[in-house]
Amino acid sequence: MTWKKYTEEAHRAMADLYIADERFSLYYDREVPGCAKFLEQAIRHMIKGGRE
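Everything numeric here is computed off the predicted structure, so don't read it as measured data.

1. Here's the deal with the pattern of salt bridges
Two side chains with opposite charge may pair up if their charged atoms get near one another. Following the criterion strictly, the structure yields 5 salt bridges and no others. A salt bridge links Asp16 to Arg44, with the shortest nitrogen-to-oxygen separation between them at 2.2 Å. Residue Asp16 is found in helix α1 (residues 8-20), and its partner Arg44 is found in helix α3 (residues 35-47); the two are separated by 28 residues along the sequence. On the basis of relative accessibility, which here comes to 18%, the residue Arg44 falls in the buried class. Linking Asp21 and Arg23 is a salt bridge whose minimum nitrogen-to-oxygen distance equals 2.5 Å. Residue Asp21 is classed as buried on the basis of its relative accessible area, which comes to 14%. Residue classification places Arg23 among the exposed residues on the basis of a relative accessible area of 65%. Here the residues in one salt-bridge network are Asp16, Lys37, Glu40 and Arg44, joined through shared partners.

Cut-offs used in this document
Residues numbered from 1 in each chain as written. Predicted model: local features only at pLDDT ≥ 70, side-chain atom pairs only at ≥ 80, totals over all residues. Heavy atoms only, no water. Salt bridge = Lys/Arg side-chain N within 4 Å of Asp/Glu carboxyl O. Helix = DSSP H or I, 4+ residues; strand = E, 2+ residues; numbered from the N terminus. Buried < 20%, exposed > 50% of the residue type's maximum accessible area, 1.4 Å probe, protein only.

In structure tokens:
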């Protein structure tokens, strides 16, 4: 899937879902514990251009 128009705000909101919505966390952490948090942090790192 792709986004018709990418915005950092939308990407940041998606990162929030990985850790705030239990459905996302359970899905991503099922095979790799901590994966949801890792994805959230990776998105934030990418958005900031690696400045975190």
